[in-house]
Amino acid sequence: MSLRFYDTSARQVRDFVPLREGHASLYLCGATVQAPPHIGHIRSGVNFDILRRWLTHRGYQVTFCRNVTDIDDKIIRVAADEGVPWWQVTERNQRAFTYAYDVLGCLPPTVEPRATGHVPEMVELMQRLIDAGHAYAADDGSGDVYFDVRSFPPYGDLSNQRLEQVQPAADSDPDRDKRDPRDFALWKGAKPGEPTWPTPWGRGRPGWHLECSAMATKYLGPAFDIHGGGLDLVFPHHENEMAQSRAAGDAFAQYWLHNGLLKIGGEKMAKSLGNSMRIPQMLEKVRPVELRYYLGQAHYRSTIDYSDEALQEAAVAYQRIEGFLTRAVEVLGDILPAGRVPAGFASALDDDLGVSQALAVVHGHVREGNTALAAGDKEKAAELAGELRSMLDVLGLDPLGGQWSSGDQGLREVVDALVSVVLQQRQAARGRKDYEAADAIRDGLTGAGVVVEDTPQGPRWDLRRG
């Protein structure tokens, strides 16, 4: 099967044919940094990290651009409410986003541009649009610049709307000098107390939609392969991006991929609803790798309705994977990734990134691997474990590699030696039928976070998860 994605603009699954053979260019709408991220934001990061890893596994050289929106209306309002400079709000929240991406194992982007660093590119794009008759500076001297939606007949194609259905743009003051209420702001004229930059039409600051078009084309070129983001960005943000870029003469994105939303109690997870769940809070409930498993396990286009029960089920599912690999290493020694993945796993990810079906293959390997270990079939167990590591690497979940592997193997060896001495004492107590002493030793280890499992090959231990 060829690699296929559901393209929002085409409203169908399409074969992926990159603009340059062997290369894949990907732009992801990243953080608007007016507040720290909740797990709904980071779901997008995990979904597109899996996409990036799969493209790499399939042999593509990936250029991944994920932007930071560090100036917009919300940031200015937060700064005003707190009585601090706008840049102070953006700095602390960008650090929170970076921490969240990193702690959940998302690979760093090739480039992560900030909007405020690309004003010259925005001015150039506005001039191209004005020269082409698709944008205009307001006649009231405000410094506003607007995109003329009626000048671009395909407007509405991405979100499947006709122009007469489009509501007035909500990104500018209603009393400003717009020719059509549906026209959206490319540039917002200066207001007292707000940050501004100079342009030929007056000082002001960029509109949200303009920022992404300028940054995407700066780093990926006038035509690139994939534009990603949350489903809630299709309109107006991505519709406006596509309109202004194509009106200026750029082919822009060839495929539009959108991840589904994460809800809680049936409502969209949003800061404004007061139901957001931030990453540090979540990591008090599960380990980072388990949270990544939870956020990445469903199909990227599906809606997730969060519950603590579902989170814990995901953690237990990941621990089953981890447990098999831990036992396999104890029996077989070091296990290297196979460098290949099973056909069923590859077919699932080739078919619009079907992670849930791919995980079914993962768990099938875990069941077969446990059976092989129990039967003493070391060759089969090693083969399954190697393929399993390769699959988990694609998903960013390999417990034996990367940031999820033990950071201090020497310390674990010391702990192993100490626990082994204690377990020998427990075995001796059981040998003389002093079961009370044996149980006390086991309870003491459990209290210290060491879980003991009695197996036909003798007792084994592991650290308690969660």
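Cut-offs and rules
Residues numbered from 1 in each chain as written. Predicted model: local features only at pLDDT ≥ 70, side-chain atom pairs only at ≥ 80, totals over all residues. Heavy atoms only, no water. Helix = DSSP H or I, 4+ residues; strand = E, 2+ residues; numbered from the N terminus. Expected span 1.5 Å × (residues − 1). Buried < 20%, exposed > 50% of the residue type's maximum accessible area, 1.4 Å probe, protein only. Contact = heavy atoms within 4.5 Å. Lys, Arg positive; Asp, Glu negative; His and termini not counted. Salt bridge = Lys/Arg side-chain N within 4 Å of Asp/Glu carboxyl O. Phe/Tyr/Trp six-rings, centres within 6.5 Å; stacked < 30°, edge-to-face > 60°. Lys NZ or Arg CZ within 6 Å of the ring centre and 35° of its normal. pLDDT = per-residue confidence, 0-100. 1 Å grid on protein atoms, 1.4 Å probe; cavity = no way out; pocket = protein on both sides within 12 Å on 5 of 7 lines; lining within 4 Å. Points joined across faces, edges and corners; volume = space filled by probe spheres on them. Nonpolar A, V, L, I, M, F, W, Y, C, P; charged D, E, K, R; others polar. Axes fitted to C-alpha atoms, helices over the stretch in contact; angles between N-to-C directions. Left-handed = near helix turned anticlockwise from the far one by under 90°.

Asks: Looking at this model, I keep getting lost on helix H3 (residues 86–103). Mind explaining?
Replies: It helps to recall that an α-helix has 3.6 residues per turn; residues three or four apart then point in one direction. An ideal rise of 1.5 Å per residue puts 26 Å on 18 residues; H3 measures up with 26 Å between its terminal C-alpha atoms. Those residues of H3 that sit buried are Val89, Thr90, Asn93, Gln94, Phe97, Ala100, Tyr101 and Val103. The secondary structure elements touched by the buried residues of H3 are strand S3 (23–32), helix H1 (39–57), strand S4 (61–69), helix H2 (73–82), helix H7 (279–282) and helix H8 (288–296).

Asks: I keep staring at the side chain of Glu211 and nothing clicks. Help me out?
Replies: Position of Glu211 relative to the elements: it lies in helix H5 (residues 208–220). The buried charged residue Glu211 lacks any salt bridge, with Arg205 as its nearest oppositely charged partner at 6.8 Å. In contact with Glu211, other than residues within four places in its own chain, are Thr69, Ile71, Ala115, Met122 and Pro206.

Asks: Sorry, what's going on with the packing of aromatic side chains here?
Replies: Given two aromatic rings, their pairing is described by the distance between the two centres and the angle made by the two planes. Taken as a whole and judged by the stated rule, the model has 15 aromatic pairs. Judged by centre distance (5.6 Å) and plane angle (65°), the ring pair of Phe5 and Phe16 falls under edge-to-face. Of this pair, Phe5 sits in strand S1 (residues 4–7) while Phe16 is found in the loop between strand S2 (12–15) and S3, placing the two residues 11 residues apart along the sequence. Each of the two residues, Phe5 as well as Phe16, counts as buried. Note on Phe16 and Tyr255: the rings are 5.4 Å apart at their centroids and 55° apart in plane angle, and the pair reads as tilted. Of this pair, Phe16 sits in the loop between S2 and S3 while Tyr255 sits in strand S10 (residues 252–259), placing them 239 residues apart in sequence. Residue Phe16 is classed as buried on the basis of its relative accessible area, which comes to 7%. On the basis of relative accessible area, Tyr255 is assigned to the buried category, the value being 2%. An aromatic cluster is defined as three or more aromatic residues linked by ring pairs; in this entry it consists of Phe5, Phe16, Tyr60 and Tyr255. Just above the ring of Tyr101 sits the side chain of Arg66; from NZ or CZ to the centre is 3.7 Å.

Asks: Sorry if this is basic, but what is going on with helix H4 (residues 119–131) here?
Replies: Taking 1.5 Å of rise per residue, 13 residues should cover 18 Å, and H4 covers 18 Å from first to last C-alpha, within 8% of that figure. Every buried residue of H4 is accounted for by Val119, Glu121, Met122, Val123, Leu125, Met126 and Leu129. Looking at the buried residues of H4, the elements they touch are strand S5 (135–137), strand S6 (145–147), strand S7 (184–189), strand S8 (204–206), H5 and helix H6 (234–247). Gly133 lies just past H4 and shows a positive phi near 80°.

Asks: Help me out: how do you make sense of the side chain of Asp49 in this one?
Replies: Along the chain, the position of Asp49 falls in helix H1. In this structure, Asp49 is in contact with Gly105, Cys106, Leu107 and Arg292, ignoring residues within four places of it in sequence.

Asks: What exactly am I supposed to notice about the confidence of the model for the protein here?
Replies: Regions with low pLDDT carry predicted coordinates that are not meant to be interpreted in detail. In this model, the protein carries a mean pLDDT of 91, and residues with pLDDT of at least 70 account for 92%. Low pLDDT, under 50, characterises residues 407–411; the predicted model gives this stretch 0 contacts beyond four residues in sequence or across chains.

Asks: For this particular structure, what's the right way to read empty space enclosed by the protein?
Replies: To find leftover empty space, one rolls a probe the size of a water molecule over the atoms. Summed over the entire model, instances satisfying the criterion amount to 1 cavity of 30 Å³ or more. For the largest cavity, the calculated volume is near 40 Å³. Mapped onto the lining of the largest cavity, the elements with two or more residues apiece are H1, H8 and helix H11 (355–374). Ranked by residue count, the leading element in the lining of the largest cavity is H8, at 3 residues. Taken together, the residues of the lining of the largest cavity break down into 7 nonpolar, 2 polar and 1 charged.

Asks: How should the environment of Gly369 be read in this particular structure?
Replies: Relative to the helices and strands, Gly369 is located in helix H11. Note: C-alpha distance between Gly369 and Lys380 (11 residues apart in sequence) is 7.4 Å. Those residues in contact with Gly369, other than ones at most four positions away along the chain, are Phe324, Ala381 and Leu384.

Asks: Before we go on, may I ask you to explain the environment of Pro18 in this structure?
Replies: The residue Pro18 is located in the loop between S2 and S3 in this model. The class of Pro18 is buried, set by a relative accessible area of 17%. Sequence-wise, Pro18 and Phe224 are 206 residues apart; in three dimensions their C-alpha atoms are separated by 8.3 Å. Those residues in contact with Pro18 that sit more than four places away from it in its chain are His23, Tyr60 and Asp225.

Asks: Is there a simple way to think about the packing of helix H9 (residues 308–332) against H11 in this case?
Replies: For any two helices packed against each other, the geometry comes down to the angle between their axes and how far apart the axes lie. Packing of H9 against H11 brings their axes to within 10 Å, and their N-to-C directions diverge by 35°. Handedness of the crossing formed by H9 with H11: left-handed. Of the residues in H11, those in contact with Ala317, Arg320, Ile321, Phe324, Arg327, Ala328 and Val331 of H9 are Val362, His363, Val366, Gly369, Asn370 and Leu373. Considered class by class, the residues forming the contact of H9 with H11 number 8 nonpolar, 3 polar and 2 charged.

Asks: Sorry if this is basic, but what is going on with the pattern of salt bridges here?
Replies: Once the charged atoms of two side chains with opposite charge are near each other, the side chains can pair. One pass over the structure, following the stated rule, counts 24 salt bridges. Taking the shortest distance from any N to any O, the salt bridge between Glu121 and Lys218 comes out at 3.3 Å. Remark: Lys218 occurs in helix H5 and Glu121 occurs in helix H4; sequence separation between them is 97 residues. As a salt-bridge pair, Arg150 and Asp180 come within 3.3 Å of each other at their nearest N and O atoms. Within this pair, whereas Arg150 is found in the loop between S6 and S7, its partner Asp180 is found in the loop between S6 and S7, the two being separated by 30 residues in sequence. According to the relative accessible area criterion, Arg150 is partly exposed, its value standing at 48%. Among the charged side chains, a salt-bridge network with shared partners connects Asp70, Glu91, Arg95 and Arg114.

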